[in-house]
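What the coordinates show
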Amino acid sequence: MSPIDHPQPLSGNQMPRSGGIASMMRLPVYESAAGLDACFVGVPFDLGTSNRTGTRFGPRQIRAESVLLRPYNVATRKAPFERLRVADIGDVAINPYNLHDSIARIEAKYDDILRHGAKPVTLGGDHTIALPILRALAKQHGPVGLVHVDAHADINDTMFGEKIAHGTPFRRAVEEGLIDPARTVQIGLRGTGYAADEFDWGRQQGFTVIEAHECWHHSLAPLMRELRPKLSAGPLYVSFDIDSLDPAYAPGTGTPEIGGLTVPQALEIIRGLDGLDIIGGDVVEVSPPYDPQGTTALVAANIAFEILCILPGVG
Ligand code: MN
Ligand code: MN
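Everything numeric here is computed off the predicted structure, so don't read it as measured data.

We now examine the coordination of the manganese ion (ligand 2). Looking at the manganese ion (ligand 2), the protein donor atoms are Asp150 (OD), His152 (ND1), Asp241 (OD), Asp243 (OD) and Asp243 (OD), and they sit 2.1 to 2.4 Å from it. For the manganese ion (ligand 2), the single-chain donor residues occur in sequence as D-x1-H-x88-D-x1-D. Between the manganese ion (ligand 2) and the manganese ion (ligand 1), both coordinated by Asp150, there is a metal-metal distance of 3.2 Å. Highlighted residues: His152 in the loop between strand S4 (144–149) and helix H5 (169–175) and Asp241 in strand S7 (residues 236–241), separated in sequence by 89 residues. Each member of the pair His152 and Asp241 is classed as buried.

Structure, rendered in structure tokens:
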């Protein structure tokens, strides 16, 4: 495997990490996913947010913090850039004046990525973007399994009367047959709701719902082992809302909720999916205007890398 076959992150010993172009992990930037096994792609979109905006700046800030990441995952011994051809393919040109045109543009971009046979690892963007991504994936795979890590269930029927918003994508995904409810797992849900049975619609569809308080104070490695038989039955998508984490670790997000997951628990969730048929993933809801220290974007960059490390073929 030559470096030409396999694009490599620019080393901090060739160019200081404070210098150079801040692509994701300092990878080469490609025009498209042609010739790639996996790609990082940004979706600078926040037209679906309900409270604080700002996730349109998420991809850029995640890339900026990602310059610290080195190419090897020492704890898991994963070497994704030795095994896969990976590059940053830039951002989807969303329409900042039109939500519906934007999600059509997102779907078209993911159709193109999938046509090239590449697996997308997405930097969001608010959680609305999971809907057009799943629409593209389901065209290729049929209904997919889903690991959805979030403080919120994102299963509202409507928000302010609208069907498409950052709190509705997984209701639409069920209705449209994009995900298999029996292979859908939601982890980290919590907070106040409009009704006490707020999370039960998903359970009624067949989702496995693990609320945050069930995760407090212990390792999630046993949970992931328990979920494995269910998740291993087919293609699986990972959608990671950064607000699943406690605001102590990820304050820079639009709808923060107290009592969230820890960073080690997030790593246990992602690493616990290793060996399954992962077809892509996203990290969404990073809002840089509320992230003055950059910690939220730093966590997000690392989560995106961890998702890359569990793609099939990394070994
Ligand atoms: Mn969400
Ligand atoms: Mn959320």
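Restricting attention to buried positions, one finds in helix H1 (residues 58–66) the residues Gly58, Pro59, Ile62, Arg63 and Ser66. In an axial view of H1, the angular spread of the buried residues amounts to 130°, which keeps them on one side of the axis. Buried positions along H1 lie against strand S1 (38–43), strand S2 (86–91), strand S3 (119–124) and helix H9 (295–309).

Here the focus is the packing of aromatic side chains. Taken as a whole, this structure holds two aromatic pairs when the rule is applied. The interplanar angle of 20° and the centroid separation of 6.4 Å between the aromatic rings of Phe81 and Phe305 together place this pair among those described as stacked. Within this pair, whereas Phe81 is found in helix H2 (residues 80–83), its partner Phe305 is found in helix H9, the two being separated by 224 residues in sequence. Ring centres of Trp201 and Phe207 lie 6.3 Å apart, and the angle between their planes is 85°; on these two criteria the pair is classed as edge-to-face. Neither Trp201 nor Phe207 differs from the other in exposure class; each is buried. Over the aromatic face of Tyr290 sits the side chain of Arg52, whose NZ or CZ is 4.3 Å from the ring centroid.

When the charged atoms of two side chains with opposite charge come close together, those side chains can pair. Per the counting criterion, the structure on display carries 16 salt bridges. Salt-bridge contacts for Asp88 lead to Arg63; the nearest nitrogen and oxygen are separated by 2.7 Å. Separated by 25 residues along the polypeptide, Asp88 in strand S2 and Arg63 in helix H1 bring together distant segments of the chain. Residue classification places Asp88 among the buried positions, given a relative accessible area of 1%. With its nearest N and O atoms 2.9 Å apart, the salt bridge here joins Arg63 to Asp91. Placement of Arg63 in helix H1 and of Asp91 in strand S2 is noted, with a sequence separation of 28 residues between them. Among the residues examined, Arg63 registers a relative accessible area of 8% and is labelled buried.

Now for the layout of surface pockets. Estimates place the volume of the largest pocket at around 850 Å³. Ser50, Asn156, Met159, Gly167 and Tyr194 are the residues nearest the centre of the largest pocket, which is lined by 38 residues in total. Mapped by element, the contributors of at least two residues to the lining of the largest pocket are helix H3 (99–115) and helix H6 (200–205). Here the lining of the largest pocket takes three residues from H6, the largest share from any one element. When its residues are assigned to classes, the lining of the largest pocket shows 12 nonpolar, 14 polar and 12 charged. One number sums up the size of the second largest pocket: a volume of about 240 Å³. If you trace the second largest pocket, you find 16 residues lining it, with Leu69, Tyr72, Asn302, Phe305 and Glu306 closest to the centre. Counting residues per element, the ones that place at least two in the lining of the second largest pocket are helix H8 (263–271) and H9. Among the elements that line the lining of the second largest pocket, the one with the most residues is H9, at six residues.

Rules and cut-offs
- Residues numbered from 1 in each chain as written.
- Chains lettered and ligands numbered in written order.
- Predicted model: local features only at pLDDT ≥ 70, side-chain atom pairs only at ≥ 80, totals over all residues.
- Heavy atoms only, no water.
- Donors = N, O, S within 2.8 Å, 3.2 Å for Na, K, Ca; no water.
- Helix = DSSP H or I, 4+ residues; strand = E, 2+ residues; numbered from the N terminus.
- Buried < 20%, exposed > 50% of the residue type's maximum accessible area, 1.4 Å probe, protein only.
- Arc of directions from axis to C-beta.
- Contact = heavy atoms within 4.5 Å.
- Phe/Tyr/Trp six-rings, centres within 6.5 Å; stacked < 30°, edge-to-face > 60°.
- Lys NZ or Arg CZ within 6 Å of the ring centre and 35° of its normal.
- Salt bridge = Lys/Arg side-chain N within 4 Å of Asp/Glu carboxyl O.
- 1 Å grid on protein atoms, 1.4 Å probe; cavity = no way out; pocket = protein on both sides within 12 Å on 5 of 7 lines; lining within 4 Å.
- Points joined across faces, edges and corners; volume = space filled by probe spheres on them.
- Nonpolar A, V, L, I, M, F, W, Y, C, P; charged D, E, K, R; others polar.

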